[in-house]
Amino acid sequence: MTVDLAVGPSEQPRFLEHPERHWSTVKDIGSARRNERPVDDLELPMVGREAETADFVRRLAAGRSHGEVLILTGDPGAGKSVLLDFAADRARREGGRVLRAVGTESEAKLGFAGLHQLLRPVLGELDGLPSRQRSALRTVLGLDESAEASDGMLVGLAVLTLVSDLAEPAPLLVVADDAQWLDRASLDVLSFVARRMDSEPVTLLVGVRAAAPLPGFDNGYERLEVGPLDGAAANRLLDRQPLPPPCSAPPS
């Protein structure tokens, strides 16, 4: 995923000030680091995101005993998905279970498409739900036929019961990325569950573009803004690249 390198006007990366100097520096670093130990991406997923990473670690730890909800906001390319990947990888390494859905614009108007993506790995677990909840959930997921429209309350209760059951043997992480493109029905179910999982060892992380509406999550939840990198972080990121950035006039 592309990382946003936007910086403030007073914090220009060094290669903008002296491109010829940065060109040689990057070449030297790239050749020297071929023999170095690779960076552990799970511990340091992104340069300049140490605060966000630490916050994730804290929330994942808290989610082992009670419900946690965090909304990540930021512009495209800011690194929201990388941070969500980090959270998912860490949860798995610590023995937790992960459910994940990624919104896509082409499915934004398909009812329960996001919920189907989220629950597809655990569809075999639906048999343990109470009969009315199981029937309602299976119907909206297209697994059963029903002459009557499913009760939205029963669908929400079914997902809440399922999430609680899945979190019983080990903490559960639920990730919804690009949530601005999740269908409204799936968002309604997620917000229903989020408001009722206080005592469950479940963490819900939602990634959404800055300023995009997020029905059901507008108020009452903490938000973490993933902003542009500052000048120092941008310089460190550039220093880690094996090849120099393209220049309009490379040194002769």
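Residues numbered from 1 in each chain as written. Predicted model: local features only at pLDDT ≥ 70, side-chain atom pairs only at ≥ 80, totals over all residues. Heavy atoms only, no water.

Draft legend 1. Quick peek at empty space enclosed by the protein. All told, the structure shown has four cavities of 30 Å³ or more when counted by the stated rule. Of the volumes computed, that of the largest cavity is approximately 90 Å³. If you trace the largest cavity, you find eleven residues lining it, with Leu60, Arg64, Ala91, Pro171 and Leu173 closest to the centre. There is about 50 Å³ of room inside the second largest cavity. Lining the second largest cavity are Leu118, Val159, Val163, Val174, Leu190, Val193, Met197, Val202 and Leu204. When contributions to the lining of the second largest cavity are tallied by element, the ones reaching two or more residues are α7 (152-166), α8 (184-194) and β4 (202-209). (1 Å grid on protein atoms, 1.4 Å probe; cavity = no way out; pocket = protein on both sides within 12 Å on 5 of 7 lines; lining within 4 Å. Points joined across faces, edges and corners; volume = space filled by probe spheres on them. Helix = DSSP H or I, 4+ residues; strand = E, 2+ residues; numbered from the N terminus.)

Draft legend 2. Just the pattern of salt bridges, in detail. Considering all chains together, one arrives at seven salt bridges under this definition. Where arginine 100 meets aspartate 177, a salt bridge forms, and the shortest distance between an N and an O atom there is 3.5 Å. Taken as a pair, arginine 100 in strand β2 (residues 97-102) and aspartate 177 in strand β3 (residues 172-177) lie far apart in primary sequence, 77 residues in all. Between arginine 184 and aspartate 188 there is a salt bridge, and its shortest N-O distance comes to 2.9 Å. With a gap of four residues between them, arginine 184 and aspartate 188 both fall in helix α8, about one helical turn apart. Within this structure, Asp85, Arg100 and Asp177 form a network of salt bridges that share partners. (Salt bridge = Lys/Arg side-chain N within 4 Å of Asp/Glu carboxyl O.)

Draft legend 3. View of the sheet that holds β3. With parallel pairing, the five strands of this open sheet are ordered in space as β2-β3-β4-β1-β5. Strand pairing shows two members of the sheet lacking a second neighbour, β2 and β5 (222-225), which therefore form its edges. Strand-to-strand, the axes of this sheet are offset by a mean angle of 20°, without reference to chain direction. In this structure, strand β1 (residues 68-74) lies alongside β5, joined through four bridges in parallel fashion. Looking at the pairing, threonine 73 lines up with glutamate 225 of β5. (Pairing = 2+ DSSP bridges. Axes fitted to C-alpha atoms, helices over the stretch in contact; angles between N-to-C directions.)

Draft legend 4. Just the environment of valine 189, in detail. Structurally, valine 189 is set in helix α8. Its relative accessible area of 5% is what places valine 189 among the buried residues. Distance in space between the C-alpha atoms of valine 189 and leucine 157 is 8.8 Å, their sequence separation being 32 residues. With sequence-adjacent residues up to four places away left out, valine 189 is seen in contact with Phe112, Leu115, Val155, Gly156 and Val159. (Buried < 20%, exposed > 50% of the residue type's maximum accessible area, 1.4 Å probe, protein only. Contact = heavy atoms within 4.5 Å.)

Draft legend 5. Looking closely at the pairing of β1. Most of β1 sits out of view: seven of its seven residues are buried. Of the two faces of β1, both are covered, the one formed by Glu68, Leu70, Leu72 and Gly74 as well as the one formed by Val69, Ile71 and Thr73. As paired strands, β1 and β4 are joined by seven bridges and run parallel to one another. Residue leucine 72 lies in a different strand from β4, and its bridge partner there is glycine 207.

Draft legend 6. Region of interest: the side chain of glutamine 180. Assignment of secondary structure puts glutamine 180 in the loop between β3 and α8. Residue glutamine 180 is classed as buried on the basis of its relative accessible area, which comes to 18%. A polar atom in the side chain of glutamine 180 sits 3.2 Å from the backbone nitrogen of arginine 209. Setting aside its immediate chain neighbours within four residues, glutamine 180 contacts Gly207, Val208, Arg209 and Ala212. (Polar contact = N/O pair within 3.5 Å; in protein donor to acceptor, adjacent residues only side chain to side chain.)

Draft legend 7. The arrangement of the confidence of the model for the protein chain in detail. Mean pLDDT over the protein chain works out to 78, with 70% of the residues at or above the 70 mark. Across the protein chain, the secondary-structure element scoring lowest on mean pLDDT is helix α2 (residues 19-32), at 34, and the one scoring highest is helix α5 (residues 113-119), at 97. A low-confidence stretch, residues 1-42 stays under pLDDT 50, and its non-local contacts, those more than four residues away or across chains, total 56 contacts. (pLDDT = per-residue confidence, 0-100.)

Draft legend 8. Representation of the nonpolar core. Formed by 42 residues in total, the largest nonpolar core has its most connected members in Leu115, Leu119, Leu137 and Phe217. Those elements that place two or more of their residues in this core are β1, β2, α5, α6 (131-140), α7, β3, α8 and β4. If you tally residues by element for this core, the top one is α7, at eight residues. Other than its neighbours up to four places away in sequence, leucine 137 contacts Leu115, Leu119, Leu126, Leu129, Val155, Ala158 and Val159. Ranked by size, the runner-up nonpolar core spans 17 residues in total, among them Ala78, Leu83, Leu173 and Leu224. (Core = buried A, V, L, I, M, F, W, Y, C linked by side-chain atoms within 4.5 Å.)

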